[in-house]
Amino acid sequence: MMREVEPIQLQEQGAEATTLPETIAALERVSRNYWWSWNPDGHSVFRDLDQEVFDDCEHNPRRLLKEVPQYSLMRMATDPVYVERVRDLAARFDAYMSSGQETWAARHARALTHERPVAYFCAEFGVHHSLPLYSGGLGILAGDHLKSASDLGLPLVAVGLLYHHGYFRQHLRRDGWQEEAYQQINVGDLPMELVRDKDGEPVRIDLFVRGRDVQVQAWRAEVGRVPLYLLDTNVEGNDEIDRLITGHLYGGDRETRCVQEMVLGIGGVRLLRRLEIEPHVFHLNEGHSAFLTLELTRELTESGVEFGEAAARVRSRCAFTTHTPVAAGHDEFVAPLIEKCFGQGYWDALGLTRDEFLNLGRVKEDDEEELFGLTPLALRMCRSSNGVSRKHGEVSRELWNKMWPERHVEEVPISHVTNGVHAPTWVSPLLRSLFEERIGSGWTEVLHDADAWSRAVDSISDEELWKVRRLQRKRLVAFVRERLFQARLQQHEPRSWAEAALGMFDPDALTIGFARRVAAYKRWGLILTDSERLRRMLLDPARPVQLVFAGKAHPQDQGAKLILQQIAQWELDPEIMQRAVFLQDYDQEVARQLVQSVDVWMNVPRRPLEASGTSGEKVAMNGGLNLSVLDGWWLEGYDGQNGWAVGEEGLSETIEEMDRRDAESLYRVLEHEVVETFYDRDGQGIPRRWVGMTRHAIRTLAPAFNSDRMVRDYTRQIYLGE
Ligand SMILES: *Cc1c(COP(=O)(O)O)cnc(C)c1O
């Protein structure tokens, strides 16, 4: 279905300055860099300026500073305790920004410099929920990559797109059907500046797309020490339809997708040229940016280098990460669309014929049936390719063996770097303060040293750990009640019904989280396979279990929307309703609430379709326990004692067989292990075995599955490797 073209406002002003009372004037500076979002007291300093306005602004400090009432502002500006907190926060920010010489990268990655950084390209970035330029795992991972690169002092510039309508917000109708709403981003409310040249004029990049000139501007946001450049076609003078190229994330048709990817790949390279940045390596995080390899090649062929030599030189500077083992997840375009978007001029400039050009995106040369795929293009044009877990590396080698038919599958040149998550972003403030108390403010660096980390985590007592876990669960229950209450009010439900939400759920019941994209292979319905058995488990008066679901269905995926509706309707059963809830509009904030607080994280995709998965890693660092099929990261993380495995590692003959066996295994583990262990309490009411598993999960999983480790691996194996 084509969306009607909605005009978008022209936006030429970046973050407008605000004038703050001098005692807290530093907030202006701190609010312009997403650093605040992962540092202790960053969130709470802004929140405490005016909690209500902060919530209304979706935790966007730039808006907060503009919208905070004068009285709140003056009240806090004259509160010496608050003023001291602001001073502290600003001092830590300044120290962080100026400590580039003492970082890990300064010691271990000297070939990377600010003149010759890593250029990291991605179609989505999930830095903070107030910047809705992500849809799910890929974007969040990219955001975590930037934050770790910043923390490690790695010279890296990121390139993405500024989607004026972002990704959709999810609403469920009363009958459980998902509806999508796109909002308009106001750049003036975001911490970003229009990129300007030396004379102060906005930088404009020229592209020739679909037979028309398109002008592209760029915004710069700061993620700690890492700049994030966001390309934007919403420029005066562009054709109306071209202004919408950067309108929606994954919301348009194939053609929009293709031109978005041209803006990202080709526009991104041209922007870096204008900024006089000469990357040491271009990192294509997923195939969306693969057109950049064509642009780099074109630069060389236009200066007289012949295509083969030019392509070889480009290859030596590009690295590709593939993120999905699902064949349909790889972007492809029909030849006429490629021809329309690029035009003959582009392959002429490369010194290629139309067919030679199309062959770059095909597995088999001259196969007219084949679409132009960005993954084959990237595999062909990059010196290194990797999957995102050990298993996914293996699966990718099988999937793409066809590109190298003469090679044995083990020799297919695709390696792996397992995904990790940014500990300071995802660990709850309460647990973080416990880590800081035991380990010190450098606790994230200790993660690097598994032995030292082990000793530190072992020094946390059962009582302390259980206390944090209980408080987190209570917090989650309060959050669930509040969200459901608000959702019911918004759906114009009767007041009494809305208020009933404030009494549901039990702060002491075993709480299981299940939040992920709604897609058939993620098997949302697996737990409903035997609904009577599930009902008995949830409603057991002595040992109750409660379930929290969240996730968005792709707007065009009707099948996924049906799955969602099925869950939503199941939850309308008056008894089930007390023990199961679907939280609408899964985003980074909802994810944080869940991963920090659930007792168990359930993950049951059909194997081997989970490339890595990262949400379970977030849960593990917070002391939650994973209950997951052995796929993606969990195959590497599970050691028999730090969580549970669902099903067997091998594959069954048929999908139905696999689903049936996995469902049986899921129920068995839940009933006989998870529930048993959780409710096995000692005289003080502490489940010793459970807490032991919790500690063991933090000890074994946090060092291996955090994004500092991931970025160090990328640096050593990919960025600095040849
Ligand atoms: C971490 C995260 C994801 C990715 O989780 P998976 O384990 O890959 O499903 C998706 N969405 C949000 C909002 C997240 O925070």
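Participant: Got a sec to walk through the overall build of the chain? Specific residues and values, please.
Facilitator: Across its full length, the chain carries 31 helices and 20 strands. Relative to its length of 722 residues, the chain is compact, with a C-alpha radius of gyration of 25 Å against a globular reference of 27 Å. On the principal axes, the C-alpha backbone points of the chain span a range of 80 × 70 × 55 Å. Counting only residues that meet the buried cut, the chain has 61% of its 722 residues in that class. Across the chain, the fraction of contacts at a sequence separation of at least 24, relative to all contacts at a separation of at least 6, is 73%. Accessible surface for the chain amounts to roughly 27,800 Å². Of this, 49% is attributable to carbon and sulfur atoms. Distance between charge centroids for the chain: 3 Å, based on 85 positive and 113 negative side chains.

Participant: I'd like a rundown of unusual backbone geometry, residues and numbers included.
Facilitator: Each neighbour pair has its own omega, and for Arg-607 with Pro-608 the value is -5°, a cis peptide bond. Inspection of the secondary structure assignment puts Pro-608 in the loop between β18 (600-603) and α27 (615-621). The phi dihedral of Glu-276 falls on the positive side, at around 60°, and the residue is not glycine. In this fold, Glu-276 is placed in the loop between α10 (254-274) and β9 (281-285).

Participant: Describe the side chain of Asn-622, listing the residues and the values that go with them.
Facilitator: Note on placement: Asn-622 falls in the loop between α27 and β19 (625-629). A residue is classified by how much of its surface remains accessible, and Asn-622, at 2% relative accessible area, is buried. Polar side-chain contacts of Asn-622 include one of 2.9 Å to the backbone oxygen of Trp-426. Setting aside anything within four residues of it in sequence, one finds Asn-622 in contact with Trp-426, Val-427, Ser-428, Leu-431, Arg-469, Val-595, Gln-596 and Ile-698.

Participant: Run through the pattern of salt bridges, naming residues and quoting values.
Facilitator: Taken as a whole, this structure holds 68 salt bridges when the rule is applied. Of the charged contacts in the structure, one is a salt bridge between Arg-273 and Glu-278, with a shortest N-O distance of 3.5 Å. Judged by relative accessible area, Glu-278 falls into the partly exposed class, the value being 34%. A salt bridge links Glu-295 to Arg-298; its shortest N-O distance comes to 2.7 Å. Residue Glu-295 and its partner Arg-298 are located together in helix α11 (residues 291-302), separated by three residues, close to a single helical turn. Each member of the pair, Glu-295 as well as Arg-298, carries the same accessibility label: buried.

Participant: Tell me about the domain arrangement of the chain, and name the residues and values.
Facilitator: As far as domains go, the chain holds domain 1 (10-98), domain 2 (109-171 + 179-419 + 714-719) and domain 3 (427-438 + 506-705). Summarising the inter-unit geometry, the C-alpha centres of domain 1 and domain 3 are found 36 Å apart.

Participant: Provide a residue-level description of the confidence of the model for the chain, including the pertinent values.
Facilitator: For the chain, per-residue confidence averages 95 on the pLDDT scale, and 97% of positions sit at 70 or higher. Predicted confidence is poor over residues 1-5, with pLDDT under 50, and the contacts of this stretch with residues over four places away or in other chains come to six contacts.

Participant: So what's going on with the packing of aromatic side chains? Which residues, and what values?
Facilitator: Across all of its chains, the model carries 29 aromatic pairs by this definition. Look at Trp-524 and Phe-549: their rings are 5.9 Å apart centre to centre, the planes differ by 25°, and that puts the pair in the stacked class. Pair noted here: Trp-524 is in the loop between β15 (510-515) and α24 (531-539) and Phe-549 is in strand β16 (residues 545-550), with a separation of 25 residues, a long-range link. The pair formed by Trp-524 and Phe-549 is uniform in burial state, with each residue classed as buried. Judged by centre distance (5.4 Å) and plane angle (40°), the rings of Trp-634 and Tyr-638 are tilted. The exposure class of Tyr-638 is partly exposed, given its relative accessible area of 27%. Taking the ring centre of Phe-514 as reference, the NZ or CZ of Arg-516 above it sits at 5.0 Å.

Participant: Describe in detail the packing of α10 against α11, supporting the description with residues and values.
Facilitator: Following both chains from N to C, one finds α10 and α11 inclined at 45°, their axes separated by 8 Å at the closest point. Between α10 and α11, the angle is such that the two are oblique. Judged by the twist between their axes, the crossing of α10 over α11 is right-handed. Counted together, Cys-258, Glu-261, Met-262, Gly-265, Ile-266, Val-269, Arg-270 and Arg-273 of α10 and Phe-291, Leu-292, Glu-295, Leu-296, Arg-298 and Glu-299 of α11 form the full contact between these two elements. Tallied by class, the residues present in the contact of α10 with α11 amount to seven nonpolar, one polar and six charged.

Participant: So, the pairing of β18: which residues are in play, and what are the values?
Facilitator: Judged by which residues are buried, β18 turns out to be covered on both faces: Val-600 and Met-602 on one side and Trp-601 and Asn-603 on the other are all buried. Note: β15 against β18, two bridges, orientation parallel. In the sheet register, Ile-512 faces β18, and the bridge partner there is Val-600. In terms of strand pairing, β18 meets β19 through four bridges, oriented parallel. When the bridges of β19 are listed, Met-602 appears paired with Leu-627. Taking the sense of rotation as the criterion, the β-α-β connection linking β18, α27 and β19 turns out right-handed.

Participant: Could you give an account of the environment of Phe-282, with specific residues and numbers?
Facilitator: You can see Phe-282 is positioned in strand β9. Overall, Phe-282 belongs to the buried group, its relative accessible area being 1%. Along the primary structure Phe-282 and Phe-320 are separated by 38 residues, whereas in three dimensions their C-alpha atoms are 8.4 Å apart. If sequence neighbours within four positions are ignored, Phe-282 has contacts with Ala-119, Phe-121, Val-269, Leu-272, Leu-292, Leu-296, Arg-317, Cys-318 and Ala-319.

Participant: Quick rundown of the sheet that holds β18? Include the residues and the values.
Facilitator: Sheets are built from strands paired through backbone hydrogen bonds, the pairs being either parallel or antiparallel. Taken together, the six strands give an open sheet; going across it, the order is β17-β16-β15-β18-β19-β20, and neighbouring strands pair in parallel fashion. If you trace the sheet from one side to the other, it starts and ends with β17 (580-583) and β20 (643-646), each paired once. Direction aside, the axes of adjacent strands within the sheet are offset by 20° on average. Bridge count between β19 and β20: four bridges; the pairing is parallel. Following the sheet pairing, Ser-628 is matched in β20 by Ala-645.

Participant: Let's hear about the site of the ligand: which residues, and what values?
Facilitator: Around the ligand there are 14 residues in total, and Trp-426, Ala-591, Thr-614, Ser-615 and Lys-618 lie nearest to it. Thr-614 is positioned with one of its backbone polar atoms (N or O) 3.0 Å from an oxygen atom of the ligand. Here Lys-618 contributes a side-chain N or O atom positioned 2.7 Å from an oxygen atom of the ligand. Mapped onto the shell around the ligand, the elements with two or more residues apiece are α8 (137-152), α26 (588-597) and α27. When the residues that make up the shell around the ligand are grouped by side-chain class, the tally is four nonpolar, six polar and four charged.

Participant: Give a description of the environment of Met-693 that names residues and reports values.
Facilitator: With respect to the helices and strands, the residue Met-693 is situated in helix α30 (residues 688-701). Sequence-wise, Met-693 and Asn-642 are 51 residues apart; in three dimensions their C-alpha atoms are separated by 5.4 Å. Apart from the residues lying within four places of it in its own chain, the contact partners of Met-693 are Leu-625, Gln-641, Asn-642, Gly-643, Trp-644 and Thr-677.

Rules behind the numbers
- Residues numbered from 1 in each chain as written.
- Predicted model: local features only at pLDDT ≥ 70, side-chain atom pairs only at ≥ 80, totals over all residues.
- Heavy atoms only, no water.
- Helix = DSSP H or I, 4+ residues; strand = E, 2+ residues; numbered from the N terminus.
- Rg over C-alpha atoms; globule rule 2.2 N^0.38 Å.
- Buried < 20%, exposed > 50% of the residue type's maximum accessible area, 1.4 Å probe, protein only.
- Contact = heavy atoms within 4.5 Å.
- Areas by Shrake-Rupley, 256 points an atom, 1.4 Å probe, with all protein chains shown as cover.
- Lys, Arg positive; Asp, Glu negative; His and termini not counted.
- Charge placed at Lys NZ, Arg CZ, Asp CG, Glu CD.
- Polar contact = N/O pair within 3.5 Å; in protein donor to acceptor, adjacent residues only side chain to side chain.
- Salt bridge = Lys/Arg side-chain N within 4 Å of Asp/Glu carboxyl O.
- Domains from an automatic or database assignment.
- pLDDT = per-residue confidence, 0-100.
- Phe/Tyr/Trp six-rings, centres within 6.5 Å; stacked < 30°, edge-to-face > 60°.
- Lys NZ or Arg CZ within 6 Å of the ring centre and 35° of its normal.
- Axes fitted to C-alpha atoms, helices over the stretch in contact; angles between N-to-C directions.
- Parallel < 35°, antiparallel > 145°, perpendicular 65-115°, else oblique.
- Left-handed = near helix turned anticlockwise from the far one by under 90°.
- Nonpolar A, V, L, I, M, F, W, Y, C, P; charged D, E, K, R; others polar.
- Pairing = 2+ DSSP bridges.
- Right-handed = clockwise from strand over helix to strand, strands pointing away.
- Near = heavy atom within 4 Å.

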